[in-house]
Amino acid sequence: MFLPILCIFSLILSSHAAVQDFCVGDLAAPEGPAGYSCKKPAKVTVDDFVFSGLGMAGNTSNLIKAAVTPAFAPQFPGLNGLGLSMARLDLAVGGVVPMHTHPAGSEVLLVTQGAICAGFISSANSVTSKLLRRVTL
Ligand SMILES: *[C@@H]1O[C@H](CO)[C@@H](O)[C@H](O)[C@H]1NC(C)=O
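Position numbers for residues count from 1 along each chain, tracking the sequence in the order it is written. Given that the model is predicted, a residue must reach a pLDDT of at least 70 before its local features are reported, and side-chain atom pairs must reach 80 or more before they are shown or counted; all residues, however, enter totals for whole chains, interfaces and linings. Only hydrogens and water are removed before side-chain values are computed, so all heavy atoms of the structure are retained for them.

1. Points about the nonpolar core
Part 1: The set of buried Ala, Val, Leu, Ile, Met, Phe, Trp, Tyr and Cys residues whose side-chain atoms join them within 4.5 Å is what this entry labels a nonpolar core. Categorising residues by exposure relies on relative accessible area from a 1.4 Å probe, with only protein chains included: less than 20% of the type maximum marks a residue as buried, more than 50% marks it as exposed, and the intermediate range marks it as partly exposed. Ranked by size, the top nonpolar core spans six residues in total: Ala-66, Leu-89, Leu-91, Val-111, Ile-116 and Ala-118.
Part 2: The helix count covers DSSP runs of H or I at least four residues long, the strand count covers runs of E at least two residues long, and both are numbered beginning at the N terminus. At the level of secondary structure, the elements contributing two or more residues to this core comprise strand 3 (85–92) and strand 5 (115–121).

2. Observations regarding unusual backbone geometry
Part 1: Although it is not a glycine, Lys-65 sits at a positive phi angle of roughly 55°.
Part 2: Lys-65 sits in the partly exposed class, given a relative accessible area of 39%.
Part 3: Residues other than glycine seldom take positive phi values, yet Asn-125 does so here, at roughly 65°.
Part 4: Within the element layout of this structure, Asn-125 appears in the loop between strand 5 and strand 6 (127–133).

3. Some details on the pattern of salt bridges
Part 1: The salt bridge definition used is simple: a Lys or Arg side-chain nitrogen within 4 Å of an Asp or Glu carboxyl oxygen. A full pass over the atoms with the stated rule returns two salt bridges.
Part 2: For Asp-48, the salt bridge is made with Lys-39, and the minimal N-O distance between the two is 3.0 Å.
Part 3: A residue is classified by how much of its surface remains accessible, and Asp-48, at 7% relative accessible area, is buried.
Part 4: Residue Arg-88 pairs with Asp-90 through a salt bridge whose shortest N-O separation is 2.7 Å.
Part 5: By relative accessible area, which is 10% here, Arg-88 ends up buried.

Here's what the structure looks like:
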């Protein structure tokens, strides 16, 4: 049994998008600290703004019994420069996501099946955690 979880978090990136309609990432160009440079508007297609990979379960047959399916700018170029990214997390029973950080970023968890214990440690070392159950849609 898998426990798919949609994990939506934003990364704070300086945004070119504030002064133009969009900045679809030019994945052929190198990625800088602010993301990719913008693809020429004439080369942008609707597919740059669509990502369907979150509908497929990740493979949890690994040591941590977890799989992350990212929808970051390399997979979803329309997000480039928006300070937004998403990921699908699949956890098998007993699965765990190792402690990690999202510097200057925020995260939203949406549990779609089962339940997980999720939390964070503040910079003052206080732990906040809670059992999150699937949302009823
Ligand atoms: C899942 O990963 C395991 C370990 O790498 C592999 O043996 C297995 O074939 C993979 N399953 C699928 C459905 O990809």
